[in-house]
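Listed below are the residues making up each chain.
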Amino acid sequence: MLTTRPRGTADILPGQVEKWRYIENVAAAVSREYGYREIRTPVFEHTELFVRGVGEDTDIVEKEMYTFRDRGDRSITLRPEGTAPVVRAYLENKLHTGPQPVKLYYIGPMFRYDRPQAGRYRQFHQFGVEVFGSHHPALDAEVMAMAMDFYGRLGLNDLELHVNSVGCPNCRPVVRQKLQEYFRPKLGELCVNCRNRYERNPLRILDCKSERCAGLAREAPTIADCLCPECEKHFHEVRQYLQDLGISHVVDTRLVRGLDYYTHTAFEIMAPGIGAQSSVGGGGRYNGLIEACGGPPIPGIGFALGIERIILALENRNKAIVIETGPTVFVVIAGDVPAREGFALLGKLRAAGIAADMDYTGRSLKAQMKYAGKLGVRFTIILGGEELQRGCVVLRDMKTASQREIGVSEVVRELSGLLEQCKSG
Ligand code: HAM
């Protein structure tokens, strides 16, 4: 137990963490360009927020939440998603009283007690955005375009954007009635969960993962058949804007999302080739959520993209993220030279912004050179007793295996110049 992490979690080790940092930096850059500002909310919230926000009948609330009573006997839940917390923060901090729309983004861990498998974890990470205060269909298109732009910058250009309209409270009763009529004769064949869903929320039957229910739902009426004129118009305009932006997409009239707050536009982004968990991101409009959380009737829209699945998709497509890490210079000290000499030089290099390191385990000169090679440094500075007496050190280019003597006082200037050349060349 002591040396085993909980199921469904991961350690992000050096070597891997640089990929994460890179993806997070791209997310932050894209967000800034599209006018989003970062928000950080707590990792845990009052359970009620998710019950109300995400929906009582969803898999997330029914069986996937990490919920516990704290020492003050409050019911607390580790956030399973970011939308409800951001809505809560928007209302609590009265961001709705300022100029609208408010565009926010977040990156962070989410928690769901799901069955772990490739691409599905119990602690996973999302990059998400939420926009509050506009109904405009251009915004729906912009949010989707932004997600695709983000993937594109990572080199993921073959992802599929699936779009649907899931209607609004006006069309829902019609869909509900049609679905109940369709499933009534099949009730006995549905799984236990779907039999419950039949009364409470028959739309969720369309999202059932069991093969049997999926088969029975194949001929079911779609939401598209029941959209009210307003939803139809909105969806038509969203698609028009997507076309104007040149964003290719597939209309998937069977697309329903696993969270109850969606209205109008809903979308998912799929990465073929990464296995069963191919949805690398999803989102949509939620025009009723802010009101359901106790706020005014303000519309919202957003997405969340799973970072682990993005990494899987990058690996599956052999897209390497090459990031320089570790020191670029290693200070090698010959046996008779006091370590203090090396230590002092190290300080000077670092003060000049050069990533440098030295040995702290008493390695021989040869072993230090070997270790420097393993670290992948570009240059070594070798401090030998005889050279130092002449006020010199040896500068070795590890790539070309060439070396020359330079004056001790020139080391920082010389290395700064060489590293600058390496960067530009
Ligand atoms: P979601 O579809 O539940 O939506 O999650 C979004 C993405 O998070 C998924 O497409 C997937 O990439 C990733 N994800 C979900 N669960 C897991 C898991 N167990 N392991 C690894 N990755 C996972 C939401 O969370 C909504 N809050 C999105 C949204 C924002 N809608 C509007 N605004």
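Parameters at a glance
Residues numbered from 1 in each chain as written. Predicted model: local features only at pLDDT ≥ 70, side-chain atom pairs only at ≥ 80, totals over all residues. Heavy atoms only, no water. Helix = DSSP H or I, 4+ residues; strand = E, 2+ residues; numbered from the N terminus. Rg over C-alpha atoms; globule rule 2.2 N^0.38 Å. Buried < 20%, exposed > 50% of the residue type's maximum accessible area, 1.4 Å probe, protein only. Contact = heavy atoms within 4.5 Å. Areas by Shrake-Rupley, 256 points an atom, 1.4 Å probe, with all protein chains shown as cover. Expected span 1.5 Å × (residues − 1). Axes fitted to C-alpha atoms, helices over the stretch in contact; angles between N-to-C directions. Parallel < 35°, antiparallel > 145°, perpendicular 65-115°, else oblique. Nonpolar A, V, L, I, M, F, W, Y, C, P; charged D, E, K, R; others polar. Pairing = 2+ DSSP bridges. Polar contact = N/O pair within 3.5 Å; in protein donor to acceptor, adjacent residues only side chain to side chain. Core = buried A, V, L, I, M, F, W, Y, C linked by side-chain atoms within 4.5 Å.

Overview of the overall build of the protein
Part 1 of the reasoning: When helices and strands are counted, the protein shows 15 helices and 16 strands.
Part 2 of the reasoning: The globule rule puts the C-alpha radius of gyration for 425 residues at 22 Å, and the 28 Å found for the protein is more than 25% above it.
Part 3 of the reasoning: In terms of overall dimensions, the protein has a C-alpha envelope of 95 × 50 × 40 Å along the principal axes.
Part 4 of the reasoning: By residue count, 49% of the 425 residues in the protein fall in the buried class.
Part 5 of the reasoning: A separation of at least 24 residues holds for 68% of the contacts in the protein among residues at least 6 apart in sequence.
Part 6 of the reasoning: On the protein, roughly 21700 Å² of surface is accessible, and the fraction owed to carbon and sulfur atoms is 51%.

Remarks on helix α1 (residues 17–33)
Part 1 of the reasoning: In this model α1 runs 24 Å from its N-terminal to its C-terminal C-alpha over 17 residues, within 8% of the 24 Å that 1.5 Å per residue would give.
Part 2 of the reasoning: Turning to α1, its buried residues number three or more, namely E18, W20, I23, V26, A27, V30 and S31.
Part 3 of the reasoning: Elements in contact with the buried residues of α1: β5 (102–111), β6 (123–132), α5 (137–153) and α11 (307–316).
Part 4 of the reasoning: Just beyond α1, the residue with positive phi is G35, at close to 90°.

Some details on the packing of α1 against α11
Part 1 of the reasoning: Two elements in contact, α1 and α11, have axes separated by 11 Å at closest approach and are oriented at 110°. Considered as vectors, α1 and α11 are oriented roughly perpendicular to each other. Taking contact as the criterion, the partners of K19, W20 and I23 in α1 are, on α11, I307, E308, I310, I311, L314 and E315.
Part 2 of the reasoning: Looking at the contact of α1 with α11 residue by residue, the classes come out as six nonpolar, no polar and three charged.

Details of the sheet that holds strand β14 (residues 379–383)
Hydrogen bonds along the backbone pair up the strands of a sheet, which may run parallel or antiparallel.
Part 1 of the reasoning: The mixed open sheet is built from five strands, whose spatial order is β13-β12-β14-β15-β16. Edge strands, defined here as strands with exactly one partner in the open sheet, are β13 (356–358) and β16 (402–407). Going from strand to strand, the sheet's axes swing by 25° on average, the running direction of each strand aside.
Part 2 of the reasoning: Each of β12 (329–333), β13 and β14 touches helix α12 (residues 339–351); the most contacted strand, β13, lies at about 170° to it.
Part 3 of the reasoning: The sheet contacts of helix α13 (residues 365–375) involve β12, β14 and β15 (392–397), and relative to β12 the element is tilted by about 170°.

Thoughts on the side chain of D359
Part 1 of the reasoning: Among the structural elements, D359 can be located in the loop between β13 and α13.
Part 2 of the reasoning: Residue D359 is classed as buried on the basis of its relative accessible area of 11%.
Part 3 of the reasoning: For D359, the side chain forms a polar contact with the side chain of R363, separated by 2.7 Å.

Considering the sheet that holds strand β4 (residues 75–78)
Part 1 of the reasoning: If you walk across this open sheet you meet the three strands as β2-β4-β3, and the pairing is antiparallel. Only two strands of the sheet have a single partner each, and these edge strands are β2 (44–46) and β3 (66–69). Direction aside, neighbouring strands of the sheet carry axes that sit 35° apart on average.
Part 2 of the reasoning: Note that β2 and β4 share three bridges and pair antiparallel. Bridge assignment links F44 to a residue of β4, and that residue is L78.
Part 3 of the reasoning: In the packing of helix α2 (residues 47–54) onto the sheet, the strands contacted are β2, β3 and β4, and the crossing angle to β2 comes to about 80°.

Here we look at the pairing of β6
Part 1 of the reasoning: Burial within β6 is extensive, with nine of its 10 residues counted as buried.
Part 2 of the reasoning: Note that β5 and β6 share 10 bridges and pair antiparallel. Within β6, the position partnered with I107 by the bridge is F127.
Part 3 of the reasoning: As judged from the seven bridges shared by β6 and strand β11 (residues 300–306), these two strands associate in the antiparallel manner. Counted as the bridge partner of V129 is F303 from β11.

Digging into the nonpolar core
Part 1 of the reasoning: Formed by 53 residues in total, the largest nonpolar core has its most connected members in F132, F183 and L206.
Part 2 of the reasoning: A per-element tally of this core places helix α4 (residues 83–92) first, with six residues.
Part 3 of the reasoning: Contact partners of F132, with chain neighbours within four places excluded, come to V86, V87, Y90, Q100, P101, V102, L104, Y286, I290, I298, P299 and G300.

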